[in-house]
Structures are given as C-alpha cells and as structure tokens.
Amino acid sequence: MNDEKFRILTLLNPIQEAIDELEVYGPVVTGTSWSRGEVLEKIDDFDAVLADDEFPYDEEFFDGANKLKVVSRVGVGYENVDLEAATDHGVMVTNTPGVMAESVAEHAIMLMLASANNLVPADRAVREDRWEWEKYRGVELWNGTLGQIGLGKIGYMVAKKAADSFNMRVLVHDPYAMEERVLEVGGKSVNLDTALEEADVVSINVPLTEETTRMIGEDELKQMKESAILVNTSRGKVVDQSALVRALKDGEIAKAGLDVLEEEPPERDDPILELDQVIFTPHQASNTETGVANMFMGAVRNLTSALQGKRPGFLLNQSILDQG
C-alpha cells in the first residue's frame, strides 16, 4: 500500500476490529449523530463511506461527494442506494452478501420451530401461572414439506438444514437457481404456486427488488394450507402485510414467524402486532457475534480494496469498470 491517506466516514458504529483496519488507511469519522443536512454538507471531505441501510445515498448525496470513491454497504440490501447516480459520479458501491448466511439460516429454522411449537405463547402462559400444556400442542417439522422461496446462500442453507435435520421434502422456487444447486439440498424445482400449495412451512429468502416486492400477496396466501407457517427473514416488503393480517385473522394460514416488517419499527397500533399467531423478532437474524463481525469485516475489505484501486469482491455497479 502507498502512503496516501484517505478520509473515511462511517454512518454506523463499527466493531473495533473494523475501525482498527480502516485507520490503517486514514482517519475514520463517525457520523451516526449527523442529520442528513450535515452529511450532505460534509461529504465532500471524504474518500469512502461505510454505509448503513437507512440513509438515502441518492443523486443529491453523490452530487456533493466529489472525492468519494466507494460506498461500502454493511449488509446485503442496497435499496437505499441509487446505483445509477453512483455510477454516473464514478463511485463504486459494494455489499456483503452471504457473510451472515449461517446466522440468518439458523434464525429462520428457529422461527419455524418456535412457531410450530407455540413457544412464545407457551412461555407467556407459564410466566402467568397458567400450566396449559394441552392448549399449546405443536406440530413436528419432521417429514413435512418446506417451500423454499429463493435459493441464494441463505436459502440454500435453510433448505439444507431442513432436509438434513428434519427430513423435510424441499420444494424450491427460484427461477435463477441452477438445477444442480437445487439437487444439492435434495430439493425439487417448482413454480411458486406449487411451493405455496404443498408446503407446511414457507421460508422466504429473496432480495427486495421490483420483481419480489409484495410477491406474497392476497392471492398467494390463499393458495397456502390452512395449517401452514410463513417465515420471512428477507425483507418485510416482500410480503403484503395487510394481506397477511387478513389471512391470519381469517384462518387462511395458521402462523407466521417474522424477522422483518413493512415498516421498521412498526407503529404501535399496527394490526399485525395484535395477532397471537405471529412470532416477531426485530430484524435481528444476522445479529450474532459471528454474523456482525463477518458483515463489518467484509464491508471493510470491499472499501479498502476500492481505495487501493482494486476491484472489490462484491461490486454492485459493475458498469463503472467500463469508465476506465
């Protein structure tokens, strides 16, 4: 590495290991308390940004970032980044897919088991001095059918765990998945209708795109078994939440395990919070010690590669390379 020093802005609080690595390349400034106006005012002083999933990296942002070389997203989602604007301004955008796959996959399995066995209401009953074991009778995952929506790294691991640990039949809906990858999890490629109609548990692991936004809506929920469980550890807007509330209230499906919601955090009067059939976690599936470390260090590697003039491992706007 040469002796050039870069100024690096982080809009989230990194682990110490990440800060130590970044400081090799130059001073690191934390802007988590800055308003949007302050970020826009100061961004021209920075060569790189360690990015969160909330601040909008839009045309206005890139217009004022004349020194900026890279926006390195900590995590998978990048719907808050205008890739076209970044490319037009010569800024690389990266993310960290797959680094927290084990954490998210384990969380999805946990939500399946907790939902199937009524874990949360049973726990609540015991704490309230109600020993109602008959009321909270569960169902086994063993020999059931998993409808796996999306077979990226996370979906692959969910499917593999379900097949290997619970002998589940795996129906995969992913138009982009290679057939040999489906076969590796002991699965069968099917269309979305078949996955929904035949699954005892539907697990969603897809990125949020125009194609996947509200891909599970009223019609799709009506196709599911009345006994089915829906688990979502991807993005809240993949599911039409109003339709899900109706489906649960009307008994069209039995339960849901949700790590993500359309609005995060939800309003306290959100109807979905009233449903006892739903287990919630606060978008924490990747929030394990290992998962967080992997995300931060992956983002740091992407950022420092870009600062060194190298191609980052997970470059989202590939067309920027054509600019020379």
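Residues numbered from 1 in each chain as written. Predicted model: local features only at pLDDT ≥ 70, side-chain atom pairs only at ≥ 80, totals over all residues. Heavy atoms only, no water.

## What about the side chain of Q241?
Part 1 of the argument: With respect to the element layout, Q241 can be found in helix α11 (residues 241–249).
Part 2 of the argument: Under the relative-accessibility criterion, Q241 is labelled buried at 9%.
Part 3 of the argument: Only 2.9 Å separates the side chain of Q241 from the backbone nitrogen of E262, close enough to count as a polar contact.
Part 4 of the argument: Those residues in contact with Q241 that sit more than four places away from it in its chain are L261, E262, D270 and I272. (Helix = DSSP H or I, 4+ residues; strand = E, 2+ residues; numbered from the N terminus. Buried < 20%, exposed > 50% of the residue type's maximum accessible area, 1.4 Å probe, protein only. Polar contact = N/O pair within 3.5 Å; in protein donor to acceptor, adjacent residues only side chain to side chain. Contact = heavy atoms within 4.5 Å.)

## Let's talk about α11
Along an α-helix, residues three or four apart share an orientation, since each turn contains 3.6 residues.
Part 1 of the argument: Residues of α11 that are buried: Q241, A243, L244, V245, A247 and L248.
Part 2 of the argument: Buried residues in α11 make contact with α10 (218–223), β10 (229–232), β11 (255–258) and β12 (278–280).
Part 3 of the argument: Of the residues that open α11, the one with a side-chain oxygen 3.2 Å from the backbone nitrogen of S242 is D240.
Part 4 of the argument: At the exit of α11 stands G251, carrying a positive phi of roughly 75 degrees.

## What about the packing of aromatic side chains?
Part 1 of the argument: For the structure on display, the rule yields 5 aromatic pairs.
Part 2 of the argument: Ring geometry for W34 against F46: centres 6.4 Å apart, planes inclined by 55 degrees, an arrangement best described as tilted. Linking W34 in the loop between β2 (28–30) and α2 (36–42) with F46 in the loop between α2 and β3 (48–51), this pair joins segments that are 12 residues apart in sequence. One exposure class covers both W34 and F46, and it is buried.
Part 3 of the argument: Where F55 meets F61, the ring centres are 5.8 Å apart and the plane angle is 70 degrees; that geometry is what we call edge-to-face. (Phe/Tyr/Trp six-rings, centres within 6.5 Å; stacked < 30°, edge-to-face > 60°.)

## Quick notes on the pattern of salt bridges
Once their charged atoms are close, side chains differing in charge can pair, the charge on each being opposite to the other.
Part 1 of the argument: Enumeration according to the criterion identifies 16 salt bridges in this entry.
Part 2 of the argument: One salt bridge in this structure joins E132 and R130, with 2.6 Å as the shortest N-O distance.
Part 3 of the argument: What makes E132 partly exposed here is its relative accessible area of 28%.
Part 4 of the argument: According to the relative accessible area criterion, R130 is partly exposed, its value standing at 25%.
Part 5 of the argument: With a shortest N-O distance of 3.2 Å, R214 and E262 are connected by a salt bridge. (Salt bridge = Lys/Arg side-chain N within 4 Å of Asp/Glu carboxyl O.)

## Brief notes about unusual backbone geometry
Part 1 of the argument: Note the cis peptide between E264 and P265, where omega equals -10 degrees.
Part 2 of the argument: Backbone geometry places N143, a non-glycine residue, at a positive phi of 65 degrees.
Part 3 of the argument: Mapped onto the secondary structure, N143 falls in the loop between α6 (119–127) and β6 (145–149).
Part 4 of the argument: At H283, a position not held by glycine, the phi torsion is positive, near 50 degrees.
Part 5 of the argument: If you trace the backbone, H283 turns up in the loop between β12 and α12 (289–307).

## Some remarks on the nonpolar core
Part 1 of the argument: By size, the foremost hydrophobic cluster in this structure holds 53 residues, and its most contacted members are L50, M112, L146, V158, V201, L303 and L307.
Part 2 of the argument: For this core, the secondary-structure elements that each account for two or more residues are α1 (16–22), β3, α5 (101–116), α7 (153–166), β7 (169–173), β10 and α12.
Part 3 of the argument: When near neighbours in sequence (up to four residues on either side) are disregarded, V158 contacts A105, A108, I109, M112, L146, Q148, S203 and N205.
Part 4 of the argument: L192, A243, I253 and V278 belong to the second largest nonpolar core, which has 30 residues in total. (Core = buried A, V, L, I, M, F, W, Y, C linked by side-chain atoms within 4.5 Å.)

These figures come from the coordinates and say nothing about function on their own.
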